[in-house]
Amino acid sequence: MKALEKADLDFLAETEVECLDDAITVFNSVSFEGLTDLSHDSAWAGASLHGQMPVSEIARAGGADEDTIRYIEEGIENSEYFSL
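All figures in this text were calculated on a predicted structure; none of them were measured in a lab.

Novice: Help me understand the overall build of the chain in this model?
Specialist: For the chain, the helix and strand inventory stands at 5 helices and 0 strands. When the elements of the chain are put in sequence order from the N terminus, they spell out α-α-α-α-α. By the compact-globule yardstick of 12 Å for 84 residues, the chain is too spread out, its C-alpha radius of gyration being 18 Å. C-alpha atoms of the chain, sized along the principal axes, occupy 45 × 30 × 25 Å. By the burial criterion, 6% of the 84 residues in the chain qualify as buried. Split by element, the accessible area of the chain, about 7600 Å² in all, is 57% carbon and sulfur.

Novice: I keep staring at a negative patch on the surface and nothing clicks. Help me out?
Specialist: The grouping of E14, E18, D21 and D22 at the surface amounts to a negative patch. Looking at the element boundaries, E14 is found in helix α1 (residues 14-27). E14 gets classed as exposed once you look at its relative accessible area, which sits at 61%.

Novice: Would you explain unusual backbone geometry in this entry?
Specialist: Excluding glycine, residues mostly have negative phi values, and the peptide bonds linking residues are mostly trans. With a phi angle near 65°, H50 is a residue other than glycine that sits in the positive phi range. In this fold, H50 is placed in the loop between α3 (42-46) and α4 (55-61). According to the relative accessible area criterion, H50 is exposed, its value standing at 78%.

Novice: Would you mind showing me how to read the pattern of salt bridges here?
Specialist: Any two side chains of opposite charge can pair, so long as their charged atoms come close to each other. Inspection of every chain in the model, using the stated rule, returns 3 salt bridges. Measuring nitrogen to oxygen at the nearest pair gives 2.6 Å for the salt bridge that ties E57 to R60. Within this pair, E57 and its partner R60 are both found in helix α4, separated by 3 residues, close to a single helical turn. The class of E57 is partly exposed, set by a relative accessible area of 30%. Residue classification places R60 among the partly exposed residues on the basis of a relative accessible area of 33%. Across the pair R70 and D67 runs a salt bridge, and its minimum N-O distance is 2.4 Å.

Novice: Explain the side chain of S56 here, please?
Specialist: Following the sequence through the fold, S56 ends up in helix α4. Given the relative accessible area of 8%, S56 is considered buried. Beyond its immediate stretch of four places on either side in the chain, S56 contacts I69, I72 and E73.

Novice: What should I look at first to understand the packing of aromatic side chains in this one?
Specialist: When we look at a pair of aromatic rings, we describe it by the centre distance and by the angle of the planes. By the definition in use, this model includes 1 aromatic pair. Both rings, one in Y81 and one in F82, keep their centres 5.1 Å apart while their planes meet at 85°; by these two values the pair is edge-to-face. The burial state of Y81 is the same as that of F82; both residues are exposed.

Rules used throughout
Residues numbered from 1 in each chain as written. Predicted model: local features only at pLDDT ≥ 70, side-chain atom pairs only at ≥ 80, totals over all residues. Heavy atoms only, no water. Helix = DSSP H or I, 4+ residues; strand = E, 2+ residues; numbered from the N terminus. Rg over C-alpha atoms; globule rule 2.2 N^0.38 Å. Buried < 20%, exposed > 50% of the residue type's maximum accessible area, 1.4 Å probe, protein only. Areas by Shrake-Rupley, 256 points an atom, 1.4 Å probe, with all protein chains shown as cover. Patch = residues over 30% accessible without salt bridge, like charges linked within 9 Å, V, L, I, M, F, W, Y side chains within 5 Å. Salt bridge = Lys/Arg side-chain N within 4 Å of Asp/Glu carboxyl O. Lys, Arg positive; Asp, Glu negative; His and termini not counted. Charge placed at Lys NZ, Arg CZ, Asp CG, Glu CD. Contact = heavy atoms within 4.5 Å. Phe/Tyr/Trp six-rings, centres within 6.5 Å; stacked < 30°, edge-to-face > 60°.

Structure representation (structure tokens):
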């Protein structure tokens, strides 16, 4: 991968640049199919076409325990209730 122009890093922290550099190093040689396999988990597979993935399903796919998932769902419900 080669940049077409020099990046403007003025708005990125040093740690963010390091994270991006690390990601490029790790994933630069991974095929499109490989990246798709890595990034499309059960939350993605369970979503409807053009639909949203429920945050609780993203958390579940990431290994969150049921207490954490309940906490997330309650927070979303409270947020929706108070935004009426």
